[in-house]
Structure formats: structure tokens, C-alpha cells
Amino acid sequence: MNSKPSESLLEDLDSLLGPRGFTRDPRDIEPWLTDWRGRYRGQSPALLSPANARDVQAIVSRCGAAGVAIVPQGGNTSMVGGATPPAHGGALILSLRRMNRIRSISSSDNVLTAEAGVILAHVHDAAVQARRRFPLSLAAKGSATVGGLVSTNAGGTQVLRFGPMRSLVLGIEAVLPDGSLYEGLSALRKDNRGYDLRELLIGAEGTLGVVTAASLRLVSAPGSRAVAWAGLPTPQVALDLLRDLERQIGEAIESFELVPANALALVLRHIPGARAPLVALHPWNVLIETVAPEGASDAAESLGGALGNSLEQGLATDAVVAASESQAEALWRLRESISEAERADGPALKHDISVPVSAMPQFIEAARHAVTERHDGARVIAFGHLGDGNVHFNVQAPRETDAAAWLTSEGPGVSSFIYDMVTAAGGSISAEHGIGQMKADEYRRTAPVTRLNVQHAIKAALDPRNIMNPGKLLVHGN
Ligand code: 2HG
Ligand code: ZN
């Protein structure tokens, strides 16, 4: 059990951090008590905003000694309530947003070192200025921060070619639960000295320490890029199209995102300025992005040629390649606005799941059928990263029902049902969003015992007082 922060601890933190780093004003704290989806709401007596890793060490040491819980927070874009404080109001929010300096960029090492509070879009800009790029992107790039991306092993829309954060983080600086500083920033490509703390901290959801900075791998800037949209009849044809394009242009493919007709319809309804990309509506669509290195022939030309061949084989019904950067952006906006459009449409159940890539088309159809058979009128929106075997299998309440009431009464049963199907298919109930508080119970129910035992042992070894983001990922012992 954690302790409530005492008045003397709060006064101590106040004098340590000063007015820019410490507030108890409810108006300052309010925006950080609720998650982006508006699904979780917590309470906290103070918001701590340290300026540097030394401040974080001092905070963690003091909270550790007092047994007070800390909830690290970056851009507050978690889909699973991972950065929302608990409702009992006993935990302190530790915001990394003030630590927003890019410490260094080396184009000869292809490494950018950024503090935890740097926003992803700023990492992108800095990399471009150095004539490089950081190849991880997601819809929340304007608010998601480096610390959160590391702590959730974020994925996004370029995993197909470059992998998730785990493949892009070379080193980490973090404050561990005992207040010590792990100085693991690194430009090394190879470092084989036993257990890797970096790997433990990536995806730990703030339960093993506070990430304060990370060294990120950069790749060369593309010579040109091409973005296309294709309409097709089924997810299986979509996957066949991907494999056919890989055969023709291989490595050039960076993104291959699946968009069903109902997700596109939500975007067209709720997102101002959104326009359908093809003349007809298709049951399924894919957004494809390819790049060509400098000096190679234009990406749009080779994607257009390859898509033309695939169309002739019946692997798409219709397709368009963006003719300009603004058309390319408009196509991406359709894809990246799905979460926002879904949120505007009302509450939904989110299931961020993976199965082996080859099994995904069949899984989507079978799971949709099974869910709608059990829950007449429930609406499945399955979209996302087909090429990674990861879709967001979201479920909306039947029309004409009170969505919030339906989600409360039916939601847990629907989610367990879907997670059982995923587990039976050898999949994961958390492909990219993490476990957070939303899936903690389901994770405990579905995870292999050995996996849970080892994770609890690691947690107990590093954070014996359970001060780091309690209630997330691992709950109630095992
Ligand atoms: C995406 O792929 C994000 O757009 C969010 O992971 C998915 O809103 C969702 O369910
Ligand atoms: Zn996603």
C-alpha cells in the first residue's frame, strides 16, 4: 500500500522545485487528471514538473522514502489510461514536459538524443534539419513525447519497415525507483554486457523508473516518397496486395494501413475538410507509403507501376497515387483521423491486438462475425497496421442504444470474448498501446503464468515499495 503525501513532503517538494516545477493549484492540475479518451479520471494533490534529471532523482528519492506513488506523464495521449493518476488522489503526477531539450544530434553516428519531454513532431523536425529522419510516426505526433513513446514501446505507421521504439532506441537515461540515475545514453550499435536495462525500461509503462532522455536512431532522409490509396474487397486481398508489392518494390514500402469502409465513413462525417479518395466506396481500403533513396528513380513512379501490375491481377479494385505533397497529406489525414472521428462519434471499446500476419485477415472476419452474432447490432471497426499483424479491433454500441450504458454492461464481456479469441490465435492483447489500467485485469487473466511471475519478480527487485505508477500493467500481485 502506498502512503498519502504528507504536508511536509509537499512543502519539501515545493521548495526543491520552485514555482515553475511545483503546483497545487487545481486549475493547473485539472487538464492532466483525465486521459485523451475521457475514459479515466483521477485525482492528485500536486503536479511536479522537474527541469532536469537531478530534480527527478530528488523527487523519486523523497517519494520512495515516504512510500508515495508517482505517475509519470508525457503528452497524456495514452489509449489505456497509462498516465492517468488513480482516483484515490494519493499519487503525485510527475510531468516530464518541461524537460524538452534536444541534447545532441550526430549525423555521422545517426543518433539524436532527446529529453523525455520532447514532442515527437519536434524530433522529426530536428532530424530533417540534420538531413536525416526519425522513422516512427503516429497520429498523436503533435503531443506524444519521447518518454511516453519509449515507456510504451510505441509503434505507429512505419513499424513495417523500421520496427517499434524498441528497434529505434539505442540508449536510455532514467531515474530508478531508488533515486539512482541510470546513465545509459549511447550511440553504440552493439553492446553485449548481459541483462539490458534499456530493454526493460522500454515498454515498462513507467513502472520501473522514470525515463528522462533517450538516444534515438536516425535513418537517411528519403529522396522522394509516394502515398497511394487503394480500394479492395477483403482484408485477405489487402494482404495479398502487400505481398505482391513487396515482390515488386520490397524495402521501399514503409506503411501499409488498413481502413474499412465504416472507419472512412466516420472520418468523412466528423473531420472537417475530409474527402473520399476514390470515386466509389470500397468495403476495405489500404493506405500505402513508399520511399526511394536519393538518386533512385521517383517513388511515385515505381509505386504507380507496381500498383498498376497488382490491379491487373485483381489485387485491388481501384487505386490512386497522390500527385502532390498536399494530396499525400490529405490521404494520411484520412488514416490518422480515425481515432479522433471515432471519439467524436461516441465511446467505443478499444482492442489493440496482434496475431501472426498471415492469420489476421481471417481473424478480422471471424471475430467480427462472432461479436455481432453475440451482440446484435454491435459495430466493429477494425483498422490499422495490417502489415504488422496488428489491428485496432474497436467495437461501438448498437445504434439506438445508450452507448455509455451498453459499454458499462456489455463492454467487459465483449472484451474478454475478443481477448480469448486473440489468445487462442496465438496473439497479443496489447500490440502497441500497452496494458495501462485498462487491460491490467485482462492481462493478468490471459498472460502465461511464467511471464507474469518473471515480470513481478523484476518489478519487486527494482521497485520494492511499489511507488512507480502502481495500478498499471501489473496489479494485485500475481
Ligand atoms: C492508430 O493506429 C492508433 O491510429 C490509435 O494506434 C488506434 O484509436 C485507436 O484505437
Ligand atoms: Zn495503432
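What you see is a predicted model; the values in this text were computed from it and never measured.

About the criteria used
Residues numbered from 1 in each chain as written. Chains lettered and ligands numbered in written order. Predicted model: local features only at pLDDT ≥ 70, side-chain atom pairs only at ≥ 80, totals over all residues. Heavy atoms only, no water. Buried < 20%, exposed > 50% of the residue type's maximum accessible area, 1.4 Å probe, protein only. Helix = DSSP H or I, 4+ residues; strand = E, 2+ residues; numbered from the N terminus. Core = buried A, V, L, I, M, F, W, Y, C linked by side-chain atoms within 4.5 Å. Domains from an automatic or database assignment. Contact = heavy atoms within 4.5 Å. Polar contact = N/O pair within 3.5 Å; in protein donor to acceptor, adjacent residues only side chain to side chain. 1 Å grid on protein atoms, 1.4 Å probe; cavity = no way out; pocket = protein on both sides within 12 Å on 5 of 7 lines; lining within 4 Å. Points joined across faces, edges and corners; volume = space filled by probe spheres on them. Near = heavy atom within 4 Å. Areas by Shrake-Rupley, 256 points an atom, 1.4 Å probe, with all protein chains shown as cover. Pairing = 2+ DSSP bridges. Axes fitted to C-alpha atoms, helices over the stretch in contact; angles between N-to-C directions. Donors = N, O, S within 2.8 Å, 3.2 Å for Na, K, Ca; no water. Parallel < 35°, antiparallel > 145°, perpendicular 65-115°, else oblique. Left-handed = near helix turned anticlockwise from the far one by under 90°. UniProt positions renumbered as here; feature names shortened; annotations may be inferred.

Visitor: Run through unusual backbone geometry, naming residues and quoting values.
Guide: Residue Asn469 is not a glycine yet carries a positive backbone phi of 45°. Here Asn469 falls in the buried class, since its relative accessible area comes to 1%. You will see that Leu473, though not glycine, has its phi angle at about 65°, which is positive. Relative to the assigned elements, Leu473 resides in the segment after α17 (449-462). Leu473 gets classed as buried once you look at its relative accessible area, which sits at 12%.

Visitor: Please set out the nonpolar core residue by residue, giving values where relevant.
Guide: Among the nonpolar cores identified, the biggest contains 60 residues, and Leu241, Phe256, Val286, Ile288, Phe393 and Val395 are the most heavily contacted of them. With 7 residues, the top contributor of residues to this core is helix α9 (residues 235-249). The residue makeup of this core includes at least three contributed by each of domain 3 (224-339) and domain 4 (346-424). Apart from the residues lying within four places of it in its own chain, the contact partners of Ile288 are Ala226, Val227, Ala228, Leu241, Leu245, Ile253, Ser255, Phe256, Leu303 and Leu307.

Visitor: Pulling in residues and values, what's your account of the side chain of Arg198?
Guide: You can see Arg198 is positioned in helix α8 (residues 197-201). From its side chain, Arg198 meets the backbone oxygen of Val169 in a polar contact 2.9 Å long. For Arg198, the residues in contact, after removing those within four places along its chain, are Val169, Leu170, Gly171, Ile172 and Tyr182.

Visitor: Run through the layout of surface pockets, naming residues and quoting values.
Guide: If you add up the space inside the second largest pocket, you get close to 780 Å³. The wall of the second largest pocket is formed by 32 residues, among which Gly203, Tyr443, Arg451, Gln455 and Leu473 lie closest to the centre. Of all the secondary structure elements, the ones that give two or more residues to the lining of the second largest pocket are α8, α16 (440-446) and α17.

Visitor: Lay out the domain arrangement of the protein with the relevant residues and their values.
Guide: Under the domain assignment, the protein is made up of domain 1 (7-95), domain 2 (102-220), domain 3 (224-339) and domain 4 (346-424). Domain 2 and domain 4 are separated by 31 Å when their C-alpha centres are compared.

Visitor: Go over the site of ligand 1 with me, naming the residues and quoting the values.
Guide: With respect to spatial proximity, the complete set of residues near ligand 1 consists of Met79, Arg335, Ser339, Lys350, Phe383, His385, His392, Asn394, Glu432 and His433. In the environment of ligand 1, an oxygen atom lies 3.1 Å from a nitrogen or oxygen atom belonging to the side chain of His385. A total of 300 Å² of accessible area belongs to ligand 1 in isolation, and the protein chains cover 91% of it. Mapped onto the shell around ligand 1, the elements with two or more residues apiece are β18 (379-385) and β19 (390-396).

Visitor: Which residues make up the sheet that holds strand β6 (residues 111-115), and what are the values?
Guide: The 5 strands lie next to each other as β5-β6-β10-β8-β9, forming an open sheet whose pairing is antiparallel. Lying at the two open borders of the sheet, with one neighbouring strand each, are β5 (102-106) and β9 (181-184). Neighbouring strand axes in the sheet, compared pairwise and without regard to direction, differ in orientation by 15° on average. Relative to strand β10 (residues 210-217), β6 is paired through 5 bridges, and the arrangement is antiparallel.

Visitor: Lay out the coordination of the zinc ion (ligand 2) with the relevant residues and their values.
Guide: Protein coordination of the zinc ion (ligand 2) is provided by His385 (NE2), His392 (NE2) and Glu432 (OE), with donor distances spanning 1.7 to 2.2 Å. All donors of the zinc ion (ligand 2) come from a single chain, and their spacing in sequence reads H-x6-H-x39-E. Residue His385 is located in strand β18, and its partner Glu432 is located in the loop between α15 (403-424) and α16; the two are separated by 47 residues in the primary sequence. Residues His385 and Glu432 agree in their burial class; the two are buried.

Visitor: Just give me the short version of the packing of α9 against helix α11 (residues 299-312), but keep the residues and values in it.
Guide: One way to put it is that α9 packs onto α11 with a least axis distance of 10 Å and a crossing angle of 130°. Regarding the angle of α9 to α11, the classification is oblique. Crossing hand, α9 versus α11: right-handed. Side by side, α9 and α11 meet where Leu241, Asp244, Leu245, Gln248 and Ile249 of the first sit next to Ser302, Leu303, Gly305, Ala306, Leu307, Asn309 and Ser310 of the second.

Visitor: Tell me about the UniProt feature "domain: FAD-binding PCMH-type" (unreviewed entry) in the protein, residues and numbers included.
Guide: Within the UniProt annotation, "domain: FAD-binding PCMH-type" (unreviewed entry) is assigned to residues 40-221. Taken as a whole, residues 40-221 contains 24% helix and 24% strand, while its terminal C-alpha atoms sit 39 Å from one another.

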